[in-house]
Amino acid sequence: MKKIFPFPVQEVSEDKKRLLKKHLLMDNIKRCKLFAKIVILFETILILMHMYSSYTNSGTVFVIDAYIILYLLLWSFSILMVIYITIYERSSNHSERKTKLFQNGLWLFVIFFLTWGALVTLVDQRNYGHVMAFAVNFMCVSVLFHASNKTILNLYSLPVAVLYIGLPYAQSSGEIVSGHYINLSVFLFFCWLASRMLYTSYSSNFYQRLLLTEMNENLGLKVEENEKIYKELASANNQLKQLSVMDELTLILNRRGFRQYVQNEFENIQVKRPFAVLMGDIDSFKNYNDHYGHLEGDQVIATVAGVFRTHLNEESSILARFGGEEFVAVLFDVDLDEAFAKAEKVRQAIERLMIPHEYSSAANHITLSIGVTAGKAQYPDDIFQLIGDADKALYEAKASGRNKVKIRIKK
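In this text, all values refer to a predicted model and were calculated from it rather than measured experimentally.

A. Molecular detail of the overall build of the chain. Helix and strand content of the chain: 12 helices and nine strands. Expected size for 411 residues packed as a compact globule is a radius of gyration near 22 Å; at 30 Å, the chain overshoots this value by more than 25%. Counting only C-alpha atoms and orienting by the principal axes, one finds that the chain spans roughly 100 × 60 × 35 Å. Here the chain, with 411 residues, has 43% of them falling under the buried criterion. Long-range contacts, defined as pairs at least 24 residues apart, comprise 72% of the intrachain contacts of the chain with a sequence gap of at least 6. In the chain, 44 side chains carry a positive charge and 41 a negative one; their mean positions are 4 Å apart.

The following block contains the structure:
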């Protein structure tokens, strides 16, 4: 650990610093977009109030003065910022140069917002003599946006300079100006202090999560290594087989393991046996990975696998990860109604977790679409045919809006 007064900062690799910057950018994008929308609403109210006041006082709806110009300026700039962020979010190709330019655009909006507060405060000196507009804007920026100390100081510089230089010209009372300087300096220091505390806490938590992930991965590797040693003592061939058929993220069968299991299971079956197949797929998962990152995406996949395991009886079912975010379950000795009930419980359980997913077309949280079919099988090909039918039902669930369970009746 080293200290950069007055906050301790962890010594981390450059790769982790880049990850933190990327994560901060994504968070600041969401905050900036929401903040711009709030500013648009607030400025719309101020513009309407100004028009009403103008009409009451002079009988004219629209009177041009410094306030209405500033209101319209911030209102217009905020709309442009929402459009700017939306265009960036919809683009899938974000080069390093493009990302840097976009980040500079975000900081430009923050600087403009703070400078706007300084200008309103200078105008207020002729009417009210207070500094509330600048103080509120400064506090919002310090709390809402997380950035390094260098970035924060760069954001503060121009607005503070505009206000401090302009106060003696806008306020005729020297005593009031002196009081403003003292009060603002104390206030700005504590705003800076709050921003540093929030940033330090944010970055520390982020690095701790990375460390925990690394520890879990190392622990997983250690467990695998110990299992490997044990299995080599018992049977090297059996160990290699197990490693080749299991999915290491979810600790359930992978696609290859599933096919081998089905082949072995149906070798000695003499008569047709009732089966049902569930095909589940996480809705809008690519968007989740793109916006929240692959570490969070892996956690979602592991969580969904855990929900499936919880609601399926391991002794009378097979569960496997069939693709990136796709799962397949084969249930023994159940009919279509029972299979549908199982699938619906799994879907509802995933939805109750309320894992945030603001970029899903189905809901604002993680959801699951499931296709269900049932029939009788005696040979492996029968099961694979049922899987094909379940996959078609899954496609129907996706096509009809996602976050649904669809049945396909085998003819």
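Let's pick the thread back up.
B. Local environment of the pattern of salt bridges. Inspection of every chain in the model, using the stated rule, returns 10 salt bridges. Note that Asp281 is salt-bridged to Lys398, the shortest N-O span being 2.7 Å. Of this pair, Asp281 sits in strand E5 (residues 273-282) while Lys398 sits in helix H12 (residues 380-399), and the two are 117 residues apart along the sequence. By the burial criterion, Asp281 is buried, and Lys398 matches it. A salt bridge links Glu344 to Arg347; its shortest N-O distance comes to 2.6 Å. Pair noted here: Glu344 and Arg347 are both in helix H11 (residues 336-353), with a separation of three residues, about one helical turn. The buried category is assigned to Arg347, whose relative accessible area is 11%. Through salt bridges that share partners, Asp281, Asp283 and Lys398 make up one connected network.

C. Highlighting a nonpolar patch on the surface. Taken together, Tyr55, Val61, Phe62, Ile64 and Ile69 make up a surface patch of nonpolar side chains, about 500 Å² in accessible area. Locating Tyr55 in the fold gives a position in helix H1 (residues 14-58). A relative accessible area of 48% means that Tyr55 is categorised as partly exposed.

D. The arrangement of the nonpolar core in detail. With 50 residues, the main nonpolar core has Ile29, Leu106, Phe134 and Phe138 as its most contacted residues. Among the elements of the structure, H1, helix H2 (66-90), helix H3 (96-124), helix H4 (132-144), helix H5 (149-170) and helix H6 (174-234) are those that each provide at least two residues to this core. Tallying contributions element by element places H3 first for this core, with 12 residues. Filtering out sequence-adjacent residues up to four positions away, Phe138 remains in contact with Leu114, Tyr156, Val160, Phe187, Leu188 and Cys191. Tyr292, Phe327, Ala329 and Val405 belong to the second largest nonpolar core, which has 31 residues in total.

E. Quick peek at the layout of surface pockets. Estimated volume of the second largest pocket: approximately 470 Å³. Around the second largest pocket, the lining comprises 21 residues; the ones closest to its centre are Phe42, Glu43, Leu46, Trp116 and Ala133. Elements that contribute at least two residues to the lining of the second largest pocket include exactly H1, H2, H3 and H4. In terms of residues, the lining of the second largest pocket owes the most to one element, H1, which gives eight residues. Each residue belonging to the lining of the second largest pocket can be placed in one class, and the counts come to 17 nonpolar, two polar and two charged.

F. Region of interest: the side chain of Glu43. Secondary-structure assignment places Glu43 in helix H1. It is Lys37 that comes nearest to the buried, bridge-free Glu43 among opposite-charge side chains, at 17 Å. When neighbours within four sequence positions are excluded, Glu43 is seen to be in contact with Tyr71, Leu74, Trp75 and Trp116.

G. Summary view of helix H8 (residues 255-265). Listed as buried for H8 are Gly257, Phe258 and Val262. Buried residues of H8, viewed axially, fall in a sector of 135°; they line one side. One side-chain oxygen at the N-terminal end of H8 lies 3.2 Å from the backbone nitrogen of Arg256; it belongs to Asn254.

H. How the structure looks around the packing of H8 against H12. Viewed as axis vectors pointing N to C, H8 and H12 meet at an angle of 135°, and their least axial separation amounts to 8 Å. As judged from the angle between their axes, H8 and H12 are oblique. Contact residues: H8 offers Phe258, Arg259, Val262 and Gln263, while H12 offers Pro380, Ile383, Phe384 and Ile387.

What counts, and where the lines are drawn
- Residues numbered from 1 in each chain as written.
- Predicted model: local features only at pLDDT ≥ 70, side-chain atom pairs only at ≥ 80, totals over all residues.
- Heavy atoms only, no water.
- Helix = DSSP H or I, 4+ residues; strand = E, 2+ residues; numbered from the N terminus.
- Rg over C-alpha atoms; globule rule 2.2 N^0.38 Å.
- Buried < 20%, exposed > 50% of the residue type's maximum accessible area, 1.4 Å probe, protein only.
- Contact = heavy atoms within 4.5 Å.
- Lys, Arg positive; Asp, Glu negative; His and termini not counted.
- Charge placed at Lys NZ, Arg CZ, Asp CG, Glu CD.
- Salt bridge = Lys/Arg side-chain N within 4 Å of Asp/Glu carboxyl O.
- Patch = residues over 30% accessible without salt bridge, like charges linked within 9 Å, V, L, I, M, F, W, Y side chains within 5 Å.
- Areas by Shrake-Rupley, 256 points an atom, 1.4 Å probe, with all protein chains shown as cover.
- Core = buried A, V, L, I, M, F, W, Y, C linked by side-chain atoms within 4.5 Å.
- 1 Å grid on protein atoms, 1.4 Å probe; cavity = no way out; pocket = protein on both sides within 12 Å on 5 of 7 lines; lining within 4 Å.
- Points joined across faces, edges and corners; volume = space filled by probe spheres on them.
- Nonpolar A, V, L, I, M, F, W, Y, C, P; charged D, E, K, R; others polar.
- Arc of directions from axis to C-beta.
- Polar contact = N/O pair within 3.5 Å; in protein donor to acceptor, adjacent residues only side chain to side chain.
- Axes fitted to C-alpha atoms, helices over the stretch in contact; angles between N-to-C directions.
- Parallel < 35°, antiparallel > 145°, perpendicular 65-115°, else oblique.

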